[in-house]
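Residue-level structural notes
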Number of protein chains: 2
Amino acid sequence: MKSDKISEAVVRRLPIYLRYLSGLQRREVATVSSQELGQKLDLNPAQIRKDLAYFGDFGRKGIGYDVAYLIEKIRHILNLDQQINVVLIGAGNLGQALSNYNMYLKENLKIVAVFDAYGPKVGTLINSLKVQPMEELSTTIQQHNIRIGIITVPEHEAQQVADKLVEAGIGAILNFAPIILRTPANVRVHAADFTTDMISLAYYLDNGKEDLDDAKQSNTEVDH
Amino acid sequence: MKSDKISEAVVRRLPIYLRYLSGLQRREVATVSSQELGQKLDLNPAQIRKDLAYFGDFGRKGIGYDVAYLIEKIRHILNLDQQINVVLIGAGNLGQALSNYNMYLKENLKIVAVFDAYGPKVGTLINSLKVQPMEELSTTIQQHNIRIGIITVPEHEAQQVADKLVEAGIGAILNFAPIILRTPANVRVHAADFTTDMISLAYYLDNGKEDLDDAKQSNTEVDH
DNA sequence: TAGATTGTTAATCGATTAACAATC
DNA sequence: TAGATTGTTAATCGATTAACAATC
């Protein structure tokens, strides 16, 4: 069934499916059932079938899903069948760590430029990209058709950087700074601030008080 | 209203409240209403009142919430009125970046030990902590009463590390590796894998304006 | 008193899960 | 055919929002 609007929760699960499917493909597994996926990913099989059915009839009754075909489909849904250029703003420790994380590459996301506001950082190399000054942000974004920005600057600079990204026509932002960014409705922001995750973990340390939930993983995110 | 069971969504919002309240306190604002909080945090005021009311009657009708008092209460709810010791496993780029992020300190979370499986890393200093070999993990956790573990090792080592943490009696895990960890129900895991966030962002890029980029990267490129 | 704002109940909305006919 | 498994509808569960009496 198509044409319903897709909820955020569904979209959030697609990369998780993709990740596991890629593993299957590497191991040359040809098909997989919603049951197996559910087991491995801690999700209800009905939910997985429903998620996928939003986008098309990808499975075969009695058989399951063809791994290669499903990967192709999910990649397409996520716009990953073309390279998506990414800019990183903030060449501090975290920024450097992320730029090395070439995880992205596997899924056609690629950091193609790095910026920093701090003079002495400019011109240095981060993972073989030359750090550029903020003045060049807008033109670089346009020249290289950069669609996604990663913000790893300190809290007090984050909103300002976001504004510049928006102005330059960015499509989406991954924000590591611990604030709620204001952006127009057409620019999606995902919060990647791990201090929030970290702190909420402390709640579950049992100090006598009990919480007998499953040890489910949860992806943690505030967006708007 | 007490004694309902608290949903994960509620707990996830508490650190966000705390963060904003701390900012107010810094600016010496004495009280705040659910309305203002909602506006600043992109949340419904009724939701905020309801969240807080799960834990007690912290506000005053007609007035709002006393900032200092509410901070104290939320800190207490989150177990942050005592120092919580944290161990970091994986002294790679990301691990180093996190160890510098002393954001935690503000909220009584403190990384007190760092481990790595890779021989040459052992003994080096990370943010003035000496990297220890994995063999010492269990005793260190017990000696220092470490409650939370941060996993920043490669994907294929993550489950094994998690097992060791569980065995050593850890209370909760923040997992940066891109897999679903298996842990007993009493050990909570939060997924902090940002590649998932990143990839799901791509879904929201509107492809109305696709100028099929030739993606010529100006900067010196990484090759692979 | 008048205005503001909480705590809480009821209404709404949305997401997950169960169940099963269709069919490979 | 018999067994497996999808796609989908209906049932359930849970979370968000509206509304308002209580009260500062």
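Criteria and thresholds
- Residues numbered from 1 in each chain as written.
- Chains lettered and ligands numbered in written order.
- Predicted model: local features only at pLDDT ≥ 70, side-chain atom pairs only at ≥ 80, totals over all residues.
- Heavy atoms only, no water.
- Contact = heavy atoms within 4.5 Å.
- Salt bridge = Lys/Arg side-chain N within 4 Å of Asp/Glu carboxyl O.
- Polar contact = N/O pair within 3.5 Å; in protein donor to acceptor, adjacent residues only side chain to side chain.
- Helix = DSSP H or I, 4+ residues; strand = E, 2+ residues; numbered from the N terminus.
- Nonpolar A, V, L, I, M, F, W, Y, C, P; charged D, E, K, R; others polar.
- UniProt positions renumbered as here; feature names shortened; annotations may be inferred.
- Buried < 20%, exposed > 50% of the residue type's maximum accessible area, 1.4 Å probe, protein only.
- Least-squares fit on C-alpha atoms with pLDDT ≥ 70 in both.
- Phe/Tyr/Trp six-rings, centres within 6.5 Å; stacked < 30°, edge-to-face > 60°.
- Lys NZ or Arg CZ within 6 Å of the ring centre and 35° of its normal.

What follows concerns the interface of chain A and chain B. With 88 residues of chain A in contact, the opposing surface of chain B contributes 79 residues. For the interface between chain A and chain B, the tally reads four salt bridges. Applying the counting criterion to the chain A and chain B interface returns 22 residue pairs in polar contact (both at pLDDT 80 or more). Considering each element in turn, the side of chain A that touches chain B owes the most residues, 10 residues, to helix 9 (residues 194-203) of chain A. Taken together, the residues that form the side of chain A that touches chain B break down as 43 nonpolar, 25 polar and 20 charged.

On the UniProt side, "DNA-binding region" (unreviewed entry) is annotated at positions that read residues 16-55 of chain A here. Note that residues 16-55 of chain A is 70% helix and 5% strand, and that its end C-alpha atoms are spaced 16 Å apart.

With that settled, the discussion passes to the pairing of strand 4 (residues 84-89) of chain A. Within strand 4 of chain A, six of the six residues are buried, which leaves it mostly tucked inside the rest of the structure. Both faces of strand 4 of chain A are covered, namely the face carrying Ile84, Val86 and Leu88 of chain A and the face carrying Asn85, Val87 and Ile89 of chain A.

The next subject is the relation of the copies chain A and chain B. The transformation that overlays chain A on chain B combines an axial shift of 0.0 Å with a rotation of 180°, and the residual RMSD is 0.0 Å. Both copies are brought into coincidence by an operation consistent with a two-fold rotation axis. Taken together, the interface assignments show that 81% of the residues at the interface of chain A recur at the interface of chain B, consistent with an identical surface on both copies.

Our focus in this paragraph is unusual backbone geometry. All names here are of chain B. The phi dihedral of glutamate 28 falls on the positive side, at around 60°, and the residue is not glycine. The backbone phi angle of serine 128 is positive, close to 65°, even though this residue is not glycine. Positionally, serine 128 belongs in the loop between strand 6 (125-126) and strand 7 (129-132). The exposed category is assigned to serine 128, whose relative accessible area is 65%.

This brings us to the packing of aromatic side chains. Scanning all chains against the criterion turns up six aromatic pairs over all chains. Judged by centre distance (6.3 Å) and plane angle (80°), the ring pair of phenylalanine 58 of chain B and tyrosine 69 of chain B falls under edge-to-face. Placement of the pair is phenylalanine 58 of chain B in the loop between helix 3 (45-53) and strand 2 (59-60) and tyrosine 69 of chain B in helix 4 (residues 67-77), with a sequence separation of 11 residues. A relative accessible area of 10% means that phenylalanine 58 of chain B is categorised as buried. The class of tyrosine 69 of chain B is partly exposed, set by a relative accessible area of 34%. Between tyrosine 203 of chain B and tyrosine 204 of chain B, the ring centres sit 5.0 Å apart and the planes meet at 85°, which makes this aromatic pair edge-to-face. The ring of tyrosine 204 of chain B has arginine 188 of chain A sitting right over it, with the charged end atom 3.7 Å from the ring centre.

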